[in-house]
Amino acid sequence: MYRPFSSALALILVLAILNFITIVSFLYFGTLTSDDRLLRLGMMFIGSVVSATITVGVVFVITPVLRDFLITFRRLLRFDSLSHPLLVRLATEAPGTYHHSLMIANLAHRVAKAIGADPILTRIGAYYHDIGKLKNPEMFVENQREGKTLSPEGENYEAAALKIMAHVEEGLKLAKEHNLPPEITAFIPQHHGTAVMRYFYDRARDEGKRVKVNDFRYQGPKPLSLETALVMLADAIEARVRAVGEFTRAKIQEIVQEVIEERVADKQLELISVNKTLLNRISRAFVEAELVIHHRRLKYPADLKKENGTV
């Protein structure tokens, strides 16, 4: 006999017998009395077997689901440590990108928790979303010394954009080398989706160059889960908030709304189940999370003197 089946049958019989004994005890030694005890005992035994069967059946149905969940959860937790070799490399070789990744992880984690998405997966995915920048850290503005710009340096803007976009492919290579689970690897291409690299595209158009918008699009895919979509939004929102440098509620609300509307108009969120109600919840969650991250800090006397020009 198949071992799990025989074990289940044995468990059913044990539960049924224990249940039957309990009921008989109440019938003979308690207040339950009847002339047709034999019929009542038969019905009780059948009821005991049925209830035990249902109990074991439910356990057998739930167990595989819980096992798969626990296996996935334990596998993900291995990559939640900032001491992972990839994150150590990122902190050493691309400190700006490392700091950026931690900020995005914190922001997206807060939003995921607020709207009922998976906060742990979102945080871990954000840690690794830009690991491809390890290939050439100095190419990215967050790792550049002050004064250096994103000039294409004699190249056309399409070629410069392709070099930036290459960090996605490099990230996928590193993910494969380090055996990142597919749940985490998905954040690498999906956090850009098929969005347009606005910096080079807008510069080319401002200079009157004839360019095609699709030459400045990432290859995707678009976000296939709510968690990757949150990292996409967090990446764009945090960058814009920092660029503006104004951390008031009104300004943050404006930026959050602009980014979400842009991504919706560009159909970047069309492959996940989002409606207007959920988008409003996401928007509010991002505003609150940004206000926590960029909270007001106490100004010390020396800082006030500098602002007033008295030092």
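Procedures and definitions
- In this convention, every chain numbers its residues from 1, walking through the sequence in written order.
- Owing to the predicted nature of the model, reporting of local features is limited to residues with pLDDT of at least 70; listing and counting of side-chain atom pairs is limited to 80 or more, with chain, interface and lining totals taken over all residues.
- Think of the side-chain values as coming from all heavy atoms in the structure, minus any hydrogens and water.
- A pair of aromatic rings is counted whenever rings of Phe, Tyr or Trp (Trp by its six-membered ring) have centres within 6.5 Å, and the orientation is called stacked for planes under 30 degrees apart, edge-to-face for over 60 and tilted otherwise.
- Strands are runs of DSSP state E lasting at least 2 residues, helices are runs of H or I lasting at least 4, and numbering of each runs from the N terminus.
- The classification of residues rests on relative accessible area computed with a 1.4 Å probe and restricted to protein chains. Under 20% of the type maximum is buried, over 50% is exposed, and intermediate values are partly exposed.
- Excluding any residue in a salt bridge, patches collect residues exceeding 30% relative accessible area, merging like charges within 9 Å and nonpolar Val, Leu, Ile, Met, Phe, Trp and Tyr side chains within 5 Å.
- All accessibility values rest on the Shrake-Rupley procedure with a 1.4 Å probe; residue burial counts only the protein chains present in the view.
- Salt bridge criterion: a side-chain nitrogen from Lys or Arg within 4 Å of a carboxyl oxygen from Asp or Glu.
- Working convention: axes come from line fits to C-alpha atoms, limited for helices to the stretch in contact. Angles between N-to-C directions cover 0 to 180 degrees.
- If an angle is under 35 degrees, it is roughly parallel; if it is over 145, roughly antiparallel; if it lies from 65 to 115, roughly perpendicular; otherwise it is oblique.
- Put simply, a crossing is left-handed when the front helix is turned counterclockwise from the back one by less than a right angle, and right-handed when it is turned clockwise.
- Contact criterion: two residues are considered in contact whenever any of their non-hydrogen atoms come within 4.5 Å of each other.
- For this scheme, ten residues count as nonpolar: Ala, Val, Leu, Ile, Met, Phe, Trp, Tyr, Cys and Pro. Four count as charged, namely Asp, Glu, Lys and Arg, and the remainder, Gly too, count as polar.

Caption draft 1: Seen up close, the packing of aromatic side chains. If you walk through the whole model with that rule in mind, you get 4 aromatic pairs. Geometrically, the ring pair formed by tyrosine 157 and phenylalanine 200 is tilted, given 6.2 Å between the ring centres and 45 degrees between the ring planes. Taken together, the residues span a long stretch of sequence, with tyrosine 157 in helix 6 (residues 157-177) and phenylalanine 200 in helix 9 (residues 198-206) at a distance of 43 residues. Given the relative accessible area of 4%, phenylalanine 200 is considered buried. Where tyrosine 199 meets phenylalanine 200, the ring centres are 5.2 Å apart and the plane angle is 75 degrees; that geometry is what we call edge-to-face.

Caption draft 2: Structural view of a nonpolar patch on the surface. On the surface, Ile46, Val50 and Ile54 cluster together into a nonpolar patch covering about 280 Å² of accessible area. Looking at the element boundaries, isoleucine 54 is found in helix 2 (residues 37-77).

Caption draft 3: Representation of the packing of helix 10 (residues 226-244) against helix 11 (residues 249-265) in the model. Their axes nearest at 10 Å, the elements helix 10 and helix 11 cross at an angle of 140 degrees. In terms of axis orientation, helix 10 runs oblique to helix 11. Remark: the crossing between helix 10 and helix 11 carries right-handed chirality. Residue-level inspection shows Met232, Leu233, Ala236, Ile237, Arg240, Val241 and Val244 of helix 10 in contact with helix 11, the latter providing Lys251, Ile255, Val256, Glu258, Val259, Ile260, Glu262 and Arg263. Across the contact of helix 10 with helix 11, the residue classes break down as 10 nonpolar, no polar and 5 charged.

Caption draft 4: Up close: the packing of helix 3 (residues 85-93) against helix 4 (residues 95-115). The geometry of helix 3 relative to helix 4 is characterised by a closest axis approach of 5 Å and an angle of 125 degrees between their N-to-C directions. Regarding the angle of helix 3 to helix 4, the classification is oblique. On helix 4, the residues touching Leu87, Leu90, Ala91, Thr92 and Glu93 of helix 3 are Pro95, Thr97, Tyr98 and Ser101. Grouping the constituent residues of the contact of helix 3 with helix 4 by class yields 5 nonpolar, 3 polar and 1 charged.

Everything listed here is a matter of coordinates, which is why it stays silent on function.
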